[in-house]
Amino acid sequence: DAGREEFEEAARREGLRSFEIKELDPDGLMTPADRRNEYFPARQLEPRKASEALLGFDLGSEAVSLEALNRARDRGKPVTSAPIRFSLENGGQAGILIVAPAYGAGATPVTVEQRRRDFMGVAAWLLSVDDIMENALKGILKDGIEIRIEDKSEPSDVLLYDSGAGPARSAAVVMQQEIAQQLGARNWMLTFYPSRQYA
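Residues numbered from 1 in each chain as written. Predicted model: local features only at pLDDT ≥ 70, side-chain atom pairs only at ≥ 80, totals over all residues. Heavy atoms only, no water.

## Some points on the sheet that holds strand S6 (residues 145-151)
Phase 1: In spatial order, the strands read S7-S6-S9-S8; together these four strands make up an open sheet with antiparallel pairing. Only two strands of the sheet have a single neighbouring strand rather than two, namely strand S7 (158-162) and strand S8 (177-183). On average, each strand axis in the sheet is inclined to that of its neighbour by 25°, with strand direction left out of account.
Phase 2: Across the face of the sheet, helix H5 (residues 129-137) comes into contact with S6 and S7 while running at roughly 35° to S7. (Pairing = 2+ DSSP bridges. Helix = DSSP H or I, 4+ residues; strand = E, 2+ residues; numbered from the N terminus. Axes fitted to C-alpha atoms, helices over the stretch in contact; angles between N-to-C directions. Contact = heavy atoms within 4.5 Å.)

If you want it as structure tokens, here you go:
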């Protein structure tokens, strides 16, 4: 926090005229971040034009992104966050962050203590699950088969994606296939099921 004003001013001198460290308010709008001991603001974005609203956003201001950031720092390798919603970026759709740590020493330090000491920041990718699935299924004939993706890492399941109305509780259940996937320490369940018309 002691270097916050200097950090913001340096970004403005480099051409980011209205740069400030921000967080989401309860209505999902960007607002200047509350004072806290440390911040993890988005300093560079690609593609820049598509993501300008997130410049300065503090990853440490949201519990889900902060947890992923700390886990990546301590593990020394990329991790996937729990489902997260950034309304400005993806219209409230479910998204995930893939977070990769960076260290001052260059190479990944061996111990957790060394990783915490040498930690410089992260590269973070905010991905919409809907966009991922749209790209993955482009050109593929679904032919009556729907796909559902749930994050089962927490006590209560979180729906990330569903191409249909949800699996039916009927005789069609014998036509369902479930596949467990581990993605960056998250447990996802992919369910392939027949549409009602197909069944």
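## A few points about the sheet that holds strand S4 (residues 95-103)
Phase 1: With antiparallel pairing, the three strands of this open sheet are ordered in space as S3-S4-S5. Each edge of the open sheet is held by one strand with a lone partner, namely strand S3 (79-80) and strand S5 (119-128).
Phase 2: Together, S3, S4 and S5 form the strand contacts of helix H2 (residues 63-75), whose direction differs from that of S4 by roughly 35°.
Phase 3: Packed on one face of the sheet, H5 meets S4 and S5 and runs near 60° to S5.

## Observations concerning the pattern of salt bridges
When their charged atoms lie close together, side chains carrying opposite charge are able to pair.
Phase 1: The final tally for this structure, using the stated rule, is 16 salt bridges.
Phase 2: Its salt-bridge partner being Asp 1, residue Arg 35 comes within 3.0 Å of it at the nearest N-O pair. Taken as a pair, Arg 35 in the loop between strand S2 (30-32) and H2 and Asp 1 in the segment before helix H1 (4-13) lie far apart in primary sequence, 34 residues in all.
Phase 3: Using a relative accessible area of 48% as the deciding quantity, one classes Arg 35 as partly exposed.
Phase 4: Residue classification places Asp 1 among the partly exposed positions, given a relative accessible area of 33%.
Phase 5: The network of salt bridges with common partners includes Asp 1, Glu 5 and Arg 35. (Salt bridge = Lys/Arg side-chain N within 4 Å of Asp/Glu carboxyl O. Buried < 20%, exposed > 50% of the residue type's maximum accessible area, 1.4 Å probe, protein only.)

## What about the environment of Glu 67?
Phase 1: Looking at the secondary structure, you find Glu 67 in helix H2.
Phase 2: Measuring from C-alpha to C-alpha, the distance between Glu 67 and Pro 194 comes to 36 Å, with 127 residues separating the pair along the chain.

## Considering H1
Phase 1: For H1, the complete set of buried residues consists of Arg 4, Glu 8 and Ala 11. Down the axis of H1, the buried set is contained in an arc of 60°. They therefore lie on one face. Seen from the buried face of H1, the exposed residues on the opposite side, beyond 90 degrees, are Glu 6 and Arg 13.
Phase 2: Buried residues in H1 make contact with S2.
Phase 3: Where H1 terminates, the next one or two residues include Gly 15, which has phi positive at roughly 110°. (Arc of directions from axis to C-beta.)

## Points about the nonpolar core
Note that soluble globular proteins tend to have their nonpolar side chains buried in a common cluster.
Phase 1: Counting residues in each nonpolar core, the largest one holds 20 residues, and the members touching the most others are Leu 59 and Val 99.
Phase 2: Those elements that provide at least two residues to this core are H2 and S4.
Phase 3: Not counting residues within four places of it along the chain, the set of residues in contact with Leu 59 comprises Phe 40, Ser 65, Leu 66, Leu 69, Leu 97, Val 122 and Ala 124.
Phase 4: Counting nine residues, the second-largest nonpolar core is a separate cluster that includes Val 129, Ile 149, Leu 160 and Trp 188. (Core = buried A, V, L, I, M, F, W, Y, C linked by side-chain atoms within 4.5 Å.)

## Here we look at the side chain of Thr 191
Phase 1: Along the chain, Thr 191 falls in strand S9 (residues 186-194).
Phase 2: Leaving out residues up to four positions away in the same chain, Thr 191 has contacts with Glu 146, Ile 147, Arg 148, Glu 150, Pro 167, Gln 176, Gln 177 and Glu 178.

## Describing the side chain of Asp 151
Phase 1: Mapped onto the fold, Asp 151 is located in strand S6.
Phase 2: Residue contacts for Asp 151: discarding those within four places in its chain leaves Ala 82, Pro 83, Asp 157, Val 158, Leu 160, Arg 186, Asn 187 and Trp 188.

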